[in-house]
Amino acid sequence: MMQNLIDCLYFYSEDHCVLQRLETPEYRRAVCGLERDWQGFRTLLTEDQRQQLDSLLSRQFTVKHLESQAVFRSGLSIGLELARL
């Protein structure tokens, strides 16, 4: 039951809170620069290399998503502990 609540809070924050905090010029510049550089890099790859890269990036995204969830849960846990003080 508690895990479902934590998951709901995580997905709510991901969908509604995080994006608002990333609405900064610095973030937009970083994302645009990264996207431009990735596009340039991909043009240098063969089709097989692109597929391998996409597979690796997908796995990396999964790892980062799991890490993000762990950070959220840790922060929530710390918040709950502090609320008990």
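In this numbering scheme, every chain counts its residues from 1 along its sequence in written order. Note on the predicted model: pLDDT of at least 70 is required for a residue's local features to be given, and 80 or more for side-chain atom pairs to be given and counted; whole-chain, interface and lining totals, by contrast, use all residues. Side-chain metrics rest on all non-hydrogen atoms present in the structure, leaving aside hydrogens and water.

1. Considerations on the overall build of the chain
Then, number 1: To qualify as a helix, a DSSP run of H or I must reach at least 4 residues; to qualify as a strand, a run of E must reach at least 2; elements of each kind are numbered from the N terminus. Along the backbone of the chain there are 3 helices and 0 strands.
Then, number 2: Reading the chain from its N terminus to its C terminus gives the helix and strand order α-α-α.
Then, number 3: Only C-alpha atoms enter the radius of gyration, while the globule expectation follows 2.2 Å times N to the 0.38, with N the number of residues. Taking 12 Å as the expected radius of gyration for a compact globule of 85 residues, we find that the chain reaches 18 Å, considerably beyond that expectation.
Then, number 4: In the form shown here, the chain has an accessible surface area of approximately 7,300 Å², with 62% of it arising from carbon and sulfur atoms.
Then, number 5: Note that His is not counted, nor are the chain ends; the positive residues are Lys and Arg, and the negative ones are Asp and Glu. A charged residue contributes its charge at one atom only: NZ of Lys, CZ of Arg, CG of Asp or CD of Glu. Distance from the positive charge centre (10 side chains) to the negative charge centre (12 side chains) of the chain: 3 Å. Only the protein chains shown count as cover for residues, with accessible areas throughout obtained via the Shrake-Rupley method and a probe of 1.4 Å.

2. What to know about the pattern of salt bridges
Then, number 1: We define a salt bridge as a contact between a side-chain nitrogen of Lys or Arg and a carboxyl oxygen of Asp or Glu at a distance within 4 Å. For the coordinates displayed, the defined rule picks out 7 salt bridges.
Then, number 2: Residue Glu-47 pairs with Arg-50 through a salt bridge whose shortest N-O separation is 3.0 Å. Residue Glu-47 and its partner Arg-50 are both found in helix H3 (residues 47-83); the two are separated by 3 residues, about one turn of the helix.

3. Considerations on the packing of aromatic side chains
Then, number 1: Two aromatic rings from Phe, Tyr or Trp, using only the six-membered ring of Trp, form a pair when their centres are within 6.5 Å; if the ring planes differ by under 30 degrees the pair is stacked, by over 60 it is edge-to-face, and anything between is tilted. Inspection of every chain in the model, using the stated rule, returns 3 aromatic pairs.
Then, number 2: Their ring planes at 75° and their centres at 5.9 Å tell us that Trp-38 and Phe-41 sit as a pair that is edge-to-face. Residue Trp-38 and its partner Phe-41 are both found in helix H2 (residues 25-42); the two are separated by 3 residues, about one turn of the helix.
Then, number 3: Only protein chains enter the accessibility calculation, which uses a 1.4 Å probe; a residue is then buried when its area is under 20% of its type maximum, exposed when over 50%, and partly exposed in between. On the accessibility criterion, Trp-38 (31% relative accessible area) is partly exposed.
Then, number 4: Judged by relative accessible area, Phe-41 falls into the partly exposed class, the value being 39%.
Then, number 5: Put simply, the rings of Tyr-10, Phe-11 and Phe-72 touch in pairs and so form one group of aromatic residues.

4. Observations concerning the environment of Arg-42
Then, number 1: With respect to the helices and strands, the residue Arg-42 is situated in helix H2.
Then, number 2: Along the primary structure Arg-42 and Tyr-12 are separated by 30 residues, whereas in three dimensions their C-alpha atoms are 33 Å apart.
Then, number 3: Contacts of Arg-42, omitting those with residues within four sequence positions, involve Arg-50, Leu-53, Asp-54 and Leu-57. Contacts were defined at the residue level, with two residues in contact if any of their heavy atoms lie within 4.5 Å.

5. Digging into the packing of H2 against H3
For any two helices packed against each other, the geometry is given by the interaxial angle and the distance between the axes.
Then, number 1: Taken N-terminus to C-terminus, the directions of H2 and H3 make an angle of 145°; their axes are 11 Å apart at the nearest point. Contacts between H2 and H3 involve Trp-38, Phe-41 and Arg-42 from the former and Arg-50, Leu-53, Asp-54 and Leu-57 from the latter.
Then, number 2: Amino acid classes used here: Ala, Val, Leu, Ile, Met, Phe, Trp, Tyr, Cys and Pro are nonpolar; Asp, Glu, Lys and Arg are charged; the rest, including Gly, are polar. Of the residues belonging to the contact of H2 with H3, the class tally is 4 nonpolar, no polar and 3 charged. Between N-to-C directions, angles cover 0 to 180 degrees, with each direction set by a line fitted to C-alpha atoms, over the stretch in contact for helices.

6. Thoughts on the environment of Arg-21
Then, number 1: Its place among the elements puts Arg-21 in helix H1 (residues 2-21).
Then, number 2: With relative accessibility at 69%, the residue Arg-21 sits in the exposed group.

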